[in-house]
Each structure stands twice: as C-alpha cells, then as structure tokens.
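Structure assessment
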Amino acid sequence: MPPKPKITKDMILDASFEIVREQGHEMLNVRAIAAKLKCSTQPVMYNFKTIEEIRTQTYKRADEYHSAYIMPRGKSCDDPLLELGMNYIRFGYEEKNLFRFLFQTNSFAGFNVNDLMSDPGAGSIRNMISSAFGCSDDAAKAIFFDLFVSAHGISSLLANNAMKYEEDTFRSALENTYKNLTDHGEA
C-alpha cells in the first residue's frame, strides 16, 4: 500500500485561505481544514500549535493577496491612482469574506494612521502619488489617507452587502475626491 500523502504547512494554509475566501473567517477551524484536505485533524495540529497560529498565517496570506489584487495591473492605464482605488473597491465587492477578514476583525485592531502610512506596501503607493502630483512624501501621505478612506468606505459598504456595485458611480466618487484634494492644495 502506498504511503499517504504528507500534509504540509503550505497545504494547510492554502486550505485555510480558501475556507476564509469561500465561507468566511468564522468558519475557519481545524475540522474544516481537515475536511478540506480530506485528512484527520492530526496532521493539521502536527504542523501548527494552535488555530490562532493558522489564523495569523492565513491573515498574512490574505494580506499579500489583497496587496497584489489592488495594485494597477499595467503600464498602459491612464491613471494608476484611480485604478488602485477602483481595484480596492472591487476587492470589497468580489472578495467580501477576505475583505471582512482583513479589515473587520481584531486582526486589524491596534493599527493607527502612522502604521498604515509606514506599511511597506504603502511606500510604492506614496511614490506613485508623489510622481503623479509632483509633491513631497508628507503630502503624498495625506493624499493617500484621504483616498484610502474614500475607497475603504465604499468597499466596506459593498463587503457588507449594503450597496450594489456601480462602477461608474464609484469611479466618479473617487475622481471627485481626487479632484478636491488637488484643488485644495493637498498635493
């Protein structure tokens, strides 16, 4: 009889990510992971000490996925900042469970504006803003925060099923925010 396939940490994290993505973070538990992998709970707990360790690693994986998802996807886009904002909004609509896991659980607790602005992923966004507006890093931080708050608010409404996805309306809202920032001297 051939040996059973070994369950690896990556396999567990892949299954955990898919559970959160498909069913929501509330459904992430050792039994659900084992069922997804078609194994007993023993290999899951052999690789990780606690379900919280799995949650933490799954959160990191979801955050990496989110960061890749929202970044502008081509050099041909006319306005990379607008595309970034629209991708962020689209993520809230298309990946509701991941959005809620990332931003509406205690995993995001304790962060403040400076933490958000200091995140390594935010550095490339601030550089994009500085280039687009020809402004200082401090001005880019202010613009980033205002655009983030607008896009995040819309995404939250979409992720919690309070609104229909209306691309033109959301694009117009972001363009208005963008225009107000540049008209009022934040750039």
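Our subject is the structure listed above.
Described below are features of the structure shown in this document. Bear in mind that the values here come from a model prediction, so they are computed numbers and not experimental data.

The rules behind these values
Residues numbered from 1 in each chain as written. Predicted model: local features only at pLDDT ≥ 70, side-chain atom pairs only at ≥ 80, totals over all residues. Heavy atoms only, no water. Helix = DSSP H or I, 4+ residues; strand = E, 2+ residues; numbered from the N terminus. Buried < 20%, exposed > 50% of the residue type's maximum accessible area, 1.4 Å probe, protein only. Contact = heavy atoms within 4.5 Å. Areas by Shrake-Rupley, 256 points an atom, 1.4 Å probe, with all protein chains shown as cover. Phe/Tyr/Trp six-rings, centres within 6.5 Å; stacked < 30°, edge-to-face > 60°. Salt bridge = Lys/Arg side-chain N within 4 Å of Asp/Glu carboxyl O. Axes fitted to C-alpha atoms, helices over the stretch in contact; angles between N-to-C directions. Parallel < 35°, antiparallel > 145°, perpendicular 65-115°, else oblique. Nonpolar A, V, L, I, M, F, W, Y, C, P; charged D, E, K, R; others polar. Core = buried A, V, L, I, M, F, W, Y, C linked by side-chain atoms within 4.5 Å.

Moving on: the overall build of the protein chain. Looking only at helices and strands, one finds ten helices and zero strands in the protein chain. From first element to last, N terminus to C terminus, the protein chain shows the α and β order α-α-α-α-α-α-α-α-α-α. With 187 residues in all, the protein chain has 41% of them scored as buried. When contacts within the protein chain are restricted to residue pairs at least 6 apart in sequence, long-range pairs at least 24 apart make up 63% of them. Put simply, the protein chain shows about 10,600 Å² of open surface, and 53% of that area lies on carbon and sulfur atoms.

For any pair of aromatic rings, the description consists of the separation of the ring centres together with the inter-plane angle of the planes. Under the counting rule described, the total for this entry stands at twelve aromatic pairs. For the pair Phe99 and Phe103, a centre-to-centre distance of 5.0 Å together with 50° between the ring planes defines the contact as tilted. Within this pair, Phe99 and its partner Phe103 are both found in helix α6 (residues 96–103), separated by four residues, close to a single helical turn. Per residue, the accessibility class of Phe99 equals that of Phe103, and both read buried.

The subject of this paragraph is the pattern of salt bridges. Counted under the stated rule, the structure contains nine salt bridges. Of the charged contacts, one joins Arg61 and Asp10 as a salt bridge, the two residues approaching to 3.3 Å between their closest N and O atoms. Taken as a pair, Arg61 in helix α4 (residues 51–70) and Asp10 in helix α1 (residues 9–23) lie far apart in primary sequence, 51 residues in all. Owing to a relative accessible area of 22%, Arg61 belongs among the partly exposed residues under this scheme. The exposure class of Asp10 is partly exposed, given its relative accessible area of 47%. Note that Arg171 is salt-bridged to Glu167, the shortest N-O span being 3.0 Å. Linking Arg171 with Glu167, this pair stays in helix α10 (residues 167–183), spanning four residues, or about one helical turn. Using a relative accessible area of 27% as the deciding quantity, one classes Arg171 as partly exposed.

Moving on, we come to the packing of helix α5 (residues 80–94) against α6. Where α5 contacts α6, the two axes come as close as 5 Å, and the packing angle between them is 110°. In terms of axis orientation, α5 runs roughly perpendicular to α6. Touching Tyr88, Phe91, Gly92, Tyr93 and Glu94 of α5 are Lys96, Leu98, Phe99, Leu102 and Phe103, all from α6. Taken together, the residues of the contact of α5 with α6 break down into seven nonpolar, one polar and two charged.

In terms of nonpolar packing, the biggest core is built from 51 residues, with Ile12, Ile33, Ile89 and Ile129 touching the most fellow members. A total of ten residues in this core trace back to one element, the largest contributor, which is helix α9 (residues 137–159). With near-sequence residues (within four places) excluded, Ile89 lies in contact with Ala151, Ile154, Ser155, Leu158, Tyr165, Phe170 and Leu174.

Interpretation in functional terms is not warranted from these geometric data alone.
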